Amino acid sequence: MNEDQFGSRVQHLLDEAIPLAPNAAERLRAAREQALARQRAAPAPALQWADNLLGSLGGWSGMSLRVLLPLALLLAGLIGIYAWQQKQTLAEIEEIDALLLTDELPLDAYLDRGFQDWLKKRGGGEQ
Amino acid sequence: MNRRAACRALLGLGLWAMAGAAGAQKRQPRRYTWAELTATQQEVLAPLKSDWENLPIERRRNWVGIANRYPKMAQVEQERVQKRMQRWANLSPEQRARARENYRRMAKASAEKRRRLRQQWAEYQAQKAR
């Protein structure tokens, strides 16, 4: 007889409400208490894992200090870099526009695809 | 409790840094309207006046930057700027981007090649006219 079969047999007997000897009832109650206590001590694995992680980081207040703060600083840094890059790009465009507007060659020399191709062909790869 | 206070202070500092970085971008509320420009800037950018308010703000800022460089340019360069300004402003963003790209590439060439470029342009023009 395996465990399941034994279980269902016990269940059947219990369902039949067979009167138990008082000491047997007492022992059953104690066993039940013990089983419940053991179950309470072992939370779900995922919860346990999260709890351990949080504990190692120093609880909720430690969490904000060690995780949220560097995250906030990282974000601030990224925003700063992005803003700086935008500014650099705009400055570079302004620089080139000023050079184009004052260059010896007319704008058409830089706009004319034909000239660019002609130069490439003529340069024979030296361009 | 001490640790909690320190944590809050640091978090506050982090948020402040973030706000500062975000604010840096918005610190320029200037819209570069024609009326906002100085008399000198208006004089230099006169060819663009009629279309000024239709230009996107970043283009206006770009032109203001060029107007600020203008006084330092040689006279011949100033004349070129005046002559080319309208054409440049009326090009599509793609055309301008292509011209900049070509300029970057050609500017990398040696001084000797850059000198020859002028002659080559004249040659190309002559060939095309034929």
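Here the structure is a predicted model, which means the values were calculated and not measured.

Chemist: Looking at this model, I keep getting lost on the overall build of chain A. Mind explaining?
Modeler: For chain A, the count of helices and strands is six helices and zero strands. Burial analysis of chain A (127 residues in total) assigns 20% to the buried set.

Chemist: I would appreciate a short explanation of the overall build of chain B in the present structure.
Modeler: Helix and strand content of chain B: six helices and zero strands. Helices (α) and strands (β) of chain B occur, in sequence order from the N terminus, as α-α-α-α-α-α. A burial count over chain B gives 30% of its 130 residues as buried. Roughly 8,600 Å² of accessible area belongs to chain B as shown, and the carbon and sulfur atoms make up 53% of that amount.

Chemist: Would you mind showing me how to read the nonpolar core here?
Modeler: Most often, soluble globular proteins keep nonpolar side chains buried together rather than apart. Core analysis: the largest hydrophobic core is formed by 37 residues, its most contacted members being A:L100, A:Y110, A:F115, B:L45, B:W52, B:W63 and B:W88. At the level of elements, helix 4 (59-102), helix 5 (107-111) and helix 6 (113-123) of chain A together with helix 3 (57-69), helix 4 (75-90), helix 5 (93-107) and helix 6 (111-129) of chain B are the ones that each hand at least two residues to this core. Those residues in contact with A:L100 that lie beyond four places of it in its chain are A:L107, A:Y110, B:R84, B:W88, B:A99, B:R100 and B:Y103.

Chemist: What exactly am I supposed to notice about the side chain of B:Q120 here?
Modeler: Mapped onto the elements of the fold, B:Q120 is located in helix 6. Here B:Q120 is in contact with A:F115, A:W118, A:L119 and A:R122, once residues within four sequence places are set aside.

Chemist: Would you mind going over the pattern of salt bridges with me for this structure?
Modeler: Oppositely charged side chains may form a pair once their charged atoms are brought near each other. Summed over all chains, the structure comprises 15 salt bridges over all chains. A salt bridge links B:R69 to A:E95, with the nearest nitrogen and oxygen atoms 3.5 Å apart. Taken as a pair, B:R69 in helix 3 and A:E95 in helix 4 lie in two separate chains rather than in one. A relative accessible area of 37% places A:E95 in the partly exposed class. Between B:E101 and B:R104 there is a salt bridge, and its shortest N-O distance comes to 3.0 Å. Taken together, the residues B:E101 and B:R104, both in helix 5 and three residues apart, mark about one turn of the helix. A residue is classified by how much of its surface remains accessible, and B:E101, at 42% relative accessible area, is partly exposed. By relative accessible area, which is 27% here, B:R104 ends up partly exposed.

Chemist: Looking at this model, I keep getting lost on the side chain of B:R60. Mind explaining?
Modeler: Residue and element names in this part refer to chain B. Structurally, R60 is set in helix 3. A polar side-chain atom of R60 sits 3.5 Å from the main-chain carbonyl oxygen of W52. Polar contacts involving the side chain of R60 include one to the main-chain carbonyl oxygen of E53, which spans 3.2 Å. Other than its neighbours up to four places away in sequence, R60 contacts R31, Y32, T33, W52, E53 and L55.

Chemist: Any chance you could explain the packing of helix 6 of chain A against helix 6 of chain B here in plain terms?
Modeler: Two numbers describe a pair of packed helices, the interaxial angle and the distance between the axes. Two elements in contact, helix 6 of chain A and helix 6 of chain B, have axes separated by 11 Å at closest approach and are oriented at 110 degrees. When the interaxial angle is binned, helix 6 of chain A and helix 6 of chain B end up roughly perpendicular. Helix 6 of chain B is crossed by helix 6 of chain A, and the crossing has right-handed handedness. Counting all contacts with helix 6 of chain A, which are made through A:G114, A:F115, A:W118, A:L119 and A:R122, the residues of helix 6 of chain B involved are B:L117, B:Q120, B:W121, B:E123, B:Y124 and B:Q127.

Chemist: What am I meant to see in helix 1 (residues 3-15) of chain A here?
Modeler: Because an α-helix packs 3.6 residues into every turn, residues spaced three or four apart end up facing the same way. Residues and elements named next belong to chain A. With 13 residues, helix 1 ought to run about 18 Å at 1.5 Å a step, and its terminal C-alpha atoms sit 18 Å apart, in line with that. One side-chain oxygen of the residue at the start of helix 1 lies 3.2 Å from the amide nitrogen of D4, identifying that residue as N2. Within two residues after helix 1, A17 carries a phi angle of roughly 55 degrees, on the positive side.

Cut-offs used in this document
- Residues numbered from 1 in each chain as written.
- Chains lettered and ligands numbered in written order.
- Predicted model: local features only at pLDDT ≥ 70, side-chain atom pairs only at ≥ 80, totals over all residues.
- Heavy atoms only, no water.
- Helix = DSSP H or I, 4+ residues; strand = E, 2+ residues; numbered from the N terminus.
- Buried < 20%, exposed > 50% of the residue type's maximum accessible area, 1.4 Å probe, protein only.
- Areas by Shrake-Rupley, 256 points an atom, 1.4 Å probe, with all protein chains shown as cover.
- Core = buried A, V, L, I, M, F, W, Y, C linked by side-chain atoms within 4.5 Å.
- Contact = heavy atoms within 4.5 Å.
- Salt bridge = Lys/Arg side-chain N within 4 Å of Asp/Glu carboxyl O.
- Polar contact = N/O pair within 3.5 Å; in protein donor to acceptor, adjacent residues only side chain to side chain.
- Axes fitted to C-alpha atoms, helices over the stretch in contact; angles between N-to-C directions.
- Parallel < 35°, antiparallel > 145°, perpendicular 65-115°, else oblique.
- Left-handed = near helix turned anticlockwise from the far one by under 90°.
- Expected span 1.5 Å × (residues − 1).

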